[in-house]
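Each chain, written out:
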Amino acid sequence: MDKIYDVIILGAGPAGLAAGLYAGRSRLSALIIEKEGDGGQIAATDQIENYPGAMPEGESGSALAARMSAQAERFGAERISDTIVKAELEGPVKKLTGTAGEYLGKTVIIAAGAVPRPLGCPGEQELTGRGVSYCATCDGAFFQGLPVYVAGGGDAAVEEAIYLTRFARKVTVIHRRDRLRAAKAIQEKAFADPKIEFLWDSTVEALEGDGVLERMRLKNVKTGEETCIEADPSEGLFGLFVFIGLLPATELFGGSLELENGYIRTDERMRTGIPGVFAAGDIRVKSLRQVVTAVADGAIAAVEAGRFLEERE
């Protein structure tokens, strides 16, 4: 491809789509490259209720992403489906090489996102969004009055377990060790909460259910004993929230951009250490990973890309 875009946006999650919208409205030539479907993590969310402007009765993540995509295209952002395998980010013209072609841009916004680290057990994929979740603030309210389980023992897992007590009848933290990895202050708060219990030295081995999560098989890593947790027949399901880490899509950038725990470091203007290269959304170092913060990042990155181009003229 010989065309040199003002901005290439890698990723069509909320951050990337917002960047495309803002770039297009600024009359920048913009190309959004996405290897899968639009929406990123929210595409797997059955209902989104906490995004400002979403339908009051709630809507699916895929529906929200489709509207974002239509807005970006309305303002001229071009779209292409490809998997990028090489990124050359130095110099006045950046080059991204994919399995289907090469793409040139004066600036690049990296919005490839991060995905929750899965448990990797049987049934997990089939029951995601049907009892299995990776976002307490997104889905906690759907389990009002039900028992829920949290897999993990770090800061995120314990903080989300505390958050889930707002909705769940009981929250049980499942951790593969005999002590938590979370900060002491967070641990103390969790241990003091009467609604939180702990299953130590345990891993989730399999998830089962007819359309929703009904059974969970656990294994004690020290004794080898296996147990099965089943939903109350009168309730029909329970919740499992998985917080064992995220996997940022930064494998292409480790040798060229500064990373922290795998995430791209930026300043508040979304600028990386390479002039003309920005990062937005879940892929960058930040304190809150939600749709609302992702779209804010994307908007800032696109505006800053425009300013960068103006200053070069």
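By convention here, each chain's residues receive numbers from 1 onward along its written sequence. Local features in a predicted model are, by the rule used here, given only for residues with pLDDT of at least 70; side-chain atom pairs are given and counted only at 80 or more, and totals for whole chains, interfaces and linings are based on all residues. Hydrogens and water molecules were not included; the side-chain quantities draw on all heavy atoms of the structure.

### A closer look at the overall build of the protein
Keep this limit in mind: Secondary structure elements are taken from DSSP: a helix is a run of H or I of four residues or more, a strand is a run of E of two residues or more, and numbering for both begins at the N terminus. The quantity called the radius of gyration is restricted to C-alpha atoms. Its globule counterpart is 2.2 Å times the number of residues to the power 0.38. In this analysis, two residues are considered to be in contact whenever any of their non-hydrogen atoms come within 4.5 Å of each other. Positive charges come from Lys and Arg alone, negative charges from Asp and Glu alone, with His and the N- and C-terminal ends not counted. Charged side chains are reduced to one point each, which is NZ for Lys, CZ for Arg, CG for Asp and CD for Glu.
Counting its secondary structure elements, the protein contains seven helices and 19 strands. A globule of 313 residues ought to have a C-alpha radius of gyration of about 20 Å, and the protein, at 21 Å, matches this closely. Expressed as lengths along the three principal axes of its C-alpha atoms, the size of the protein is roughly 65 × 40 × 35 Å. Long-range pairs, those at least 24 residues apart, make up 59% of the contacts in the protein with a sequence separation of at least 6. For the protein, the distance from the average position of its 35 positive side-chain charges to the average position of its 46 negative side-chain charges is 4 Å.

### Brief notes about the sheet that holds strand β14 (residues 226-230)
Put simply, the test is: A pair of strands is treated as paired once DSSP finds two or more bridges between them. Where helices are involved, their axes are fitted lines through C-alpha atoms of the stretch in contact, as for all axes, and angles between N-to-C directions lie from 0 to 180°.
With respect to topology, three strands assemble into an open sheet ordered β12-β13-β14, the strand pairing being antiparallel. The open sheet has two edge strands, β12 (202-208) and β14, and neither has a second partner. Across the sheet, the mean angle separating the axes of adjacent strands is 25° when strand polarity is ignored.

### As for the packing of helix α1 (residues 14-25) against helix α2 (residues 61-74)
Stated precisely, the cut-off is as follows: In what follows, roughly perpendicular refers to angles from 65 to 115 degrees, roughly parallel to angles under 35, roughly antiparallel to angles over 145, and oblique to any angle outside these ranges. Each helix crossing is assigned a hand: it is left-handed if the near helix lies turned anticlockwise from the far helix by less than a right angle, otherwise right-handed if that turn is clockwise. By the convention adopted, Pro, Cys, Tyr, Trp, Phe, Met, Ile, Leu, Val and Ala count as nonpolar, Lys, Arg, Asp and Glu as charged, and the other residues, Gly among them, as polar.
Their axes nearest at 8 Å, the elements α1 and α2 cross at an angle of 25°. By the criterion of interaxial angle, the relationship of α1 to α2 is roughly parallel. The interaxial crossing formed by α1 with α2 has left-handed handedness. The residues of α2 that touch α1, namely those facing Pro14, Leu17, Gly20 and Leu21, are Ala65, Met68, Ser69, Gln71 and Ala72. Residues belonging to the contact of α1 with α2 are distributed by class as follows: six nonpolar, three polar and no charged.

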